Amino acid sequence: MNLNQTDNILTKLGFDDYFKNQFDEIIQTEFKNESEMYFPARISIRHKNHYSIMSGFGEIKGELSGKLHFKIDTREDNGLGYPVVGDWVVIKKIEGNDFFLIEKVLNRKTKFSRLAPGEITEEQIIISNIDYLFIVSSMNQDFNVRRIERYLTMCWENDIKPVLILNKSDLCSEEEKNYYVSKTELLAQGCPVVNISTKTKENFNLLLNYFSGNKSISLVGSSGVGKSSIVNTLIGEEKMKVKDITGYKDKGVHTTTHRELILMSDGGVIIDTPGMRTVLMWSGSDGVESAFDDIESLSLNCKFTDCSHTNEPGCAIISALNDGTLTKERLKSYRKLQNEIKYNETRQDKKLKADQKKIWKKLTSQGVQRGKNKRGI
Ligand SMILES: Nc1nc2c(ncn2[C@@H]2O[C@H](COP(=O)(O)OP(=O)(O)OP(=O)(O)O)[C@@H](O)[C@H]2O)c(=O)[nH]1
Ligand SMILES: [Mg+2]
Ligand SMILES: [Zn+2]
């Protein structure tokens, strides 16, 4: 294999100063003596026992070094854990072997996490280092407001910019399209809403713009909304398998079963994901506040600062419900999300509980300050 890496490919993959500085520092401090053996690379697929990796000299395979394994197991890895799709890693060439060893995971710029499935309350990072999240819905009976709210919350929490995508516009009348767009704009609170069709390629030029500057973007949304079709249309080739339209009776079966990072020809990467069955929240009350900013601002006008918005006099939320500015459903999903977060947080260990206290303290002092600002105090 030719190990002459091209900086051009690394740049297109998103290797910017944030990662380059980390890489250089690690080489200088840890691998100085054999620095020519080490390279930066980005995880594209996580397989059961190995990883597919994009490097400056093409697609390669790699596995964790014994040392990194040990560090992760003994938690001496700065809490980074196992590499996930989107991670930048330091790899080492093994003489006479096609495999590379993953020696280090670089600190992440952003992470997209959810609650790990199973008994233990744990954060599970599923994708890292993305700039935008394309939240995909299809404009039909599968359109789900609650899901969109949840994904938005996850974005606010993790400093990822959301773009709300409404797919399958070719199946809609103009009237239906307007209905879905305005409904989504209400949820979006100023974030871009783009209606598209992979059949007519409507508005794909708008989607392509988000990749400029070698940005990393992932797609999320229920199974069947057309995530893989969007990936194929963006890259101009049928790389990802798409659900066969005749497979109607397989409804609920996921066509994409793994996360995969793909390099765009003009730079930037797109990460396809399987449709998530459940989107369980991973802590972070900050995010809920941003996704439901309207409710939070309303509550500042309640007569009592500890108003539970159930039957108190002078409750701004109840009056908004009565005059129709706020829908019962929206308040319900706000409450549900808050309860879910609280429930998960109380299941966490003591250290995390202490963090939670801090967050609440910060939030309440912010809330009080915002209330004061609003009342001109
Ligand atoms: N009419 C129409 N059909 C579309 C459009 N985009 C995708 N589809 C169809 O929708 C079905 C599902 O598309 P996929 O791309 O496999 O959906 P997905 O979101 O990747 O699904 P999972 O991988 O299971 O999460 C396929 O039959 C596509 O041909 C569109 O814009 N218009
Ligand atoms: Mg798919
Ligand atoms: Zn109230």
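Residues numbered from 1 in each chain as written. Chains lettered and ligands numbered in written order. Predicted model: local features only at pLDDT ≥ 70, side-chain atom pairs only at ≥ 80, totals over all residues. Heavy atoms only, no water.

*Asks:* So what's going on with the sheet that holds strand β8 (residues 132–138)? Residues and values would help.
*Replies:* One key point about sheets: their strands pair by backbone hydrogen bonds, in either a parallel or an antiparallel sense. Here six strands make up an open sheet; going across it, the order is β10-β9-β8-β11-β13-β12 and the pairing mixed. Each of the sheet's edge strands pairs with one partner strand only, and the pair in question is β10 (193–195) and β12 (260–263). Geometrically, the sheet is characterised by an average inter-axis angle of 25 degrees between neighbouring strands, direction not taken into account. Here strand β11 (residues 216–220) runs beside strand β13 (residues 269–272); their pairing, made up of three bridges, is parallel. When the bridges of β13 are listed, Ser216 appears paired with Val269. Packed onto the sheet, helix α7 (residues 227–235) meets β8, β9 (161–167), β11, β12 and β13 and runs at close to 155 degrees relative to β13. (Pairing = 2+ DSSP bridges. Helix = DSSP H or I, 4+ residues; strand = E, 2+ residues; numbered from the N terminus. Axes fitted to C-alpha atoms, helices over the stretch in contact; angles between N-to-C directions. Contact = heavy atoms within 4.5 Å.)

*Asks:* Let's hear about the sheet that holds strand β2 (residues 51–55): which residues, and what values?
*Replies:* Taken together, five strands build a closed barrel; the order of strands is β1-β2-β3-β5-β4 and the barrel is mixed. Direction aside, neighbouring strands of the sheet carry axes that sit 55 degrees apart on average. Sheet analysis places strand β4 (residues 88–93) next to strand β5 (residues 99–105), joined by five bridges and oriented antiparallel. Within β5, the residue paired with Val90 across the bridge is Lys104. The strands touched by helix α2 (residues 17–30) within the sheet are β1 (38–46), β4 and β5, with β1 carrying the most contacts at an inclination of about 125 degrees. Here helix α3 (residues 66–73) sits on the sheet in contact with β3 (58–64) and β5, set at roughly 35 degrees to β5.

*Asks:* Hey, could you go over the site of ligand 1 for me, with residue numbers and the actual values?
*Replies:* Every one of the 23 residues lining ligand 1 counts as a neighbour, but Asp170, Ser223, Ser229, Lys243 and Thr256 are closest to it. Computed on the free molecule, ligand 1 has an accessible area of 660 Å², of which 94% lies beneath the protein chains in the complex. The residue inventory of the shell around ligand 1, partitioned by class, reads five nonpolar, 13 polar and five charged. (Near = heavy atom within 4 Å. Areas by Shrake-Rupley, 256 points an atom, 1.4 Å probe, with all protein chains shown as cover. Nonpolar A, V, L, I, M, F, W, Y, C, P; charged D, E, K, R; others polar.)

*Asks:* Tell me what's going on with the coordination of the zinc ion (ligand 3), and back it up with residues and numbers.
*Replies:* Coordination of the zinc ion (ligand 3) by the protein involves Cys302 (SG), Cys307 (SG), His309 (ND1) and Cys315 (SG), with metal-donor separations of 2.1 to 2.4 Å. Sequence positions of the donors to the zinc ion (ligand 3) reduce to the motif C-x4-C-x1-H-x5-C. For the residue pair His309 and Cys315, the accessibility class agrees, reading buried in each case. (Donors = N, O, S within 2.8 Å, 3.2 Å for Na, K, Ca; no water. Buried < 20%, exposed > 50% of the residue type's maximum accessible area, 1.4 Å probe, protein only.)

*Asks:* I'd like a description of the pattern of salt bridges, backed by residues and values.
*Replies:* Here the structure, examined in full by the defined rule, presents nine salt bridges. A salt bridge links Arg330 to Glu149, with the shortest nitrogen-to-oxygen separation between them at 2.8 Å. Placement of Arg330 in helix α11 (residues 328–347) and of Glu149 in helix α4 (residues 145–158) is noted, with a sequence separation of 181 residues between them. Accessibility classification places Arg330 together with Glu149 in one group, the buried group. Two residues, Glu174 and Lys177, come together in a salt bridge whose shortest N-O distance is 3.9 Å. Placement of both Glu174 and Lys177 in helix α5 (residues 174–188) is noted, with a separation of three residues, approximately one turn of the helix. Sharing partners across several salt bridges, the network here consists of Arg146, Glu149 and Arg330. (Salt bridge = Lys/Arg side-chain N within 4 Å of Asp/Glu carboxyl O.)

*Asks:* Could you give an account of empty space enclosed by the protein, naming the residues involved and the relevant values?
*Replies:* The tally for this structure, following the rule as stated, stands at two cavities of 30 Å³ or more. There is about 80 Å³ of room inside the largest cavity. As for the largest cavity, its lining consists of 13 residues, and the residues nearest its centre are Val136, Ser137, Asn144, Arg147 and Ser222. When contributions to the lining of the largest cavity are tallied by element, the ones reaching two or more residues are β8 and α4. Here the residues of the lining of the largest cavity sort into six nonpolar, five polar and two charged. (1 Å grid on protein atoms, 1.4 Å probe; cavity = no way out; pocket = protein on both sides within 12 Å on 5 of 7 lines; lining within 4 Å. Points joined across faces, edges and corners; volume = space filled by probe spheres on them.)

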